[in-house]
Amino acid sequence: MKRFFASIAATFKEIGWRHFLMLTVSGIVNAFGVTIFLAPVQLYDSGISGTSMLLSQLFPDLSLSVFLLLLNVPLFLYGWKRQGTAFTICAIFCVGIYSLSAWLITDVLPVDVTIASPLAGTDLLLCALFGGLISGAGSGLAIRFGGAMDGVEVMAVIFAKRLGITVGTFVMAYNIVLYICCGIAIHSWILPLYSIVTYAAALKTVDFIVEGFDRAKCAMIITDNPDEICSLLTEAFESGMTRIEVQGGYSGESKTMIYFIVNRFQVAKCKDLVHRADPAAYIAISEVADVYAANHGKS
């Protein structure tokens with residue numbers, strides 16, 4: 001037992017106070033989006049958060065905060081061995097802050113969230129969009145700093161492969177079932193359909209927060225004139241690149257592939273420079289989520 005608590009204490013120290021600060025912010029932001037925009041007009045979040053909102057409507061004696069803890073914490077604990085101690089601690093901490101903040105907003109602070117959003121009134125589209133954007137920002141911050149706001153994602157990691165589907169498909173299937181259950185429970189499909197708008201807005205926001213608003217571009221250039229192209233690109237962008245010797249699959253000829261990272265504003269100039277040196281060069285541009293340099297951190 002002493003060894004167990006010592007391990008937990010070491011993990012807390014390893015995570016660091018900055019991560020816990022940002023996880024606290026993520027929980028507060030998520031609670032704000034849900035309680036100010038979604039819950040007052042009975043729109044539903046995704047995953048366990050949406051499930052908790054439905055259950056709190058069906059069983060009003062228990063609050064949203066209680067259901068968040070009752071449903072999420074066991075899922076995170078179940079996934080402890082698979083996800084690791086640090087992730088489990090961060091995830092439970094996030095949900096705890098989310099639950100506490102939701103309770104403060106709905107039951108303690110002088111904010112009326114009983115029948116309408118204090119900021120968007122009863123406009124369902126505004127509530128769906130801003131509720132999704134804000135709660136998505138909270139979830140994205142949680143993921144970016146090593147935690148999670150929803151136990152469904154943990155279950156997806158554990159069970160998706162066993163079921164022969166992807167993690168994203170597992171989460172989407174859960175949410176589809178959730179919104180169908182919501183429609184059956186409230187005998188209306190208007191709110192579940194608007195909730196899909198919330199889910200879409202939140203999903204896109206999570207992607208932006210986790211992967212960055214300005215994603216880098218990867219240029220893979222196959223050419224017979226690598227020296228001149230490398231010289232032009234280095235002079236123009238003042239950054240390095242990687243050269244790989246390759247062989248044509250059909251012709252069998254030896255060529256050089258240049259792997260080069262640019263941002264979206266540099267793509268056109270990169271193509272012009274490459275074709276200036278080698279009009280026959282083959283260029284493939286793809287998107288990358290993040291770029292890290294070994295000695296300089298994120299670039």
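Being a predicted model, the structure only gives us computed values, none of them experimental.

Here is what the cut-offs are and how they apply
Residues numbered from 1 in each chain as written. Predicted model: local features only at pLDDT ≥ 70, side-chain atom pairs only at ≥ 80, totals over all residues. Heavy atoms only, no water. Pairing = 2+ DSSP bridges. Helix = DSSP H or I, 4+ residues; strand = E, 2+ residues; numbered from the N terminus. Axes fitted to C-alpha atoms, helices over the stretch in contact; angles between N-to-C directions. Parallel < 35°, antiparallel > 145°, perpendicular 65-115°, else oblique. Left-handed = near helix turned anticlockwise from the far one by under 90°. Contact = heavy atoms within 4.5 Å. Nonpolar A, V, L, I, M, F, W, Y, C, P; charged D, E, K, R; others polar. Buried < 20%, exposed > 50% of the residue type's maximum accessible area, 1.4 Å probe, protein only.

Draft legend 1. Region of interest: the pairing of strand β2 (residues 242–247). With 6 bridges connecting them, β2 and strand β3 (residues 254–262) associate as antiparallel partners. When the sheet's bridge partners are listed, arginine 243 is paired in β3 with isoleucine 258. Taking the residues that link successive antiparallel strands as the turn, the β2-β3 hairpin has 6 residues, and the phi of glycine 252 there is positive, at about 75°.

Draft legend 2. Just the packing of helix α11 (residues 226–237) against helix α12 (residues 267–277), in detail. In contact at an axis separation of 9 Å, α11 and α12 are set at 150° when each is read in the N-to-C sense. Classified by the interaxial angle, the pair formed by α11 and α12 is roughly antiparallel. α12 is crossed by α11, and the crossing has right-handed handedness. For the pair α11 and α12, contact is made by Glu228, Ile229, Leu232, Leu233, Ala236 and Phe237 and by Lys269, Cys270, Leu273, Val274, Arg276 and Ala277, respectively. Considered class by class, the residues forming the contact of α11 with α12 number 9 nonpolar, no polar and 3 charged.

Draft legend 3. The packing of helix α3 (residues 47–58) against helix α9 (residues 167–186), seen in detail. In the contact formed by α3 and α9, the axes pass within 10 Å of each other and the chain directions differ by 15°. Here α3 is positioned roughly parallel relative to α9, judged by the angle of their axes. Relative to α9, the crossing made by α3 is left-handed. In contact with Gly47, Ile48, Gly50, Thr51, Leu54, Gln57 and Leu58 of α3, α9 contributes Tyr174, Asn175, Leu178, Cys181, Cys182, Ala185 and Ile186. Considered class by class, the residues forming the contact of α3 with α9 number 9 nonpolar, 5 polar and no charged.

Draft legend 4. Summary view of the pairing of strand β1 (residues 216–223). Of all 8 residues that make up β1, 6 are buried, and the element is covered over most of its length. Bridge count for β1 against strand β4 (residues 282–288) is 7 bridges, and the pairing is antiparallel. Across the sheet, lysine 217 pairs through a bridge with glutamate 287, a residue of β4. Across 7 bridges, the pairing between β1 and β3 is antiparallel. When the bridges of β3 are listed, isoleucine 221 appears paired with isoleucine 258.

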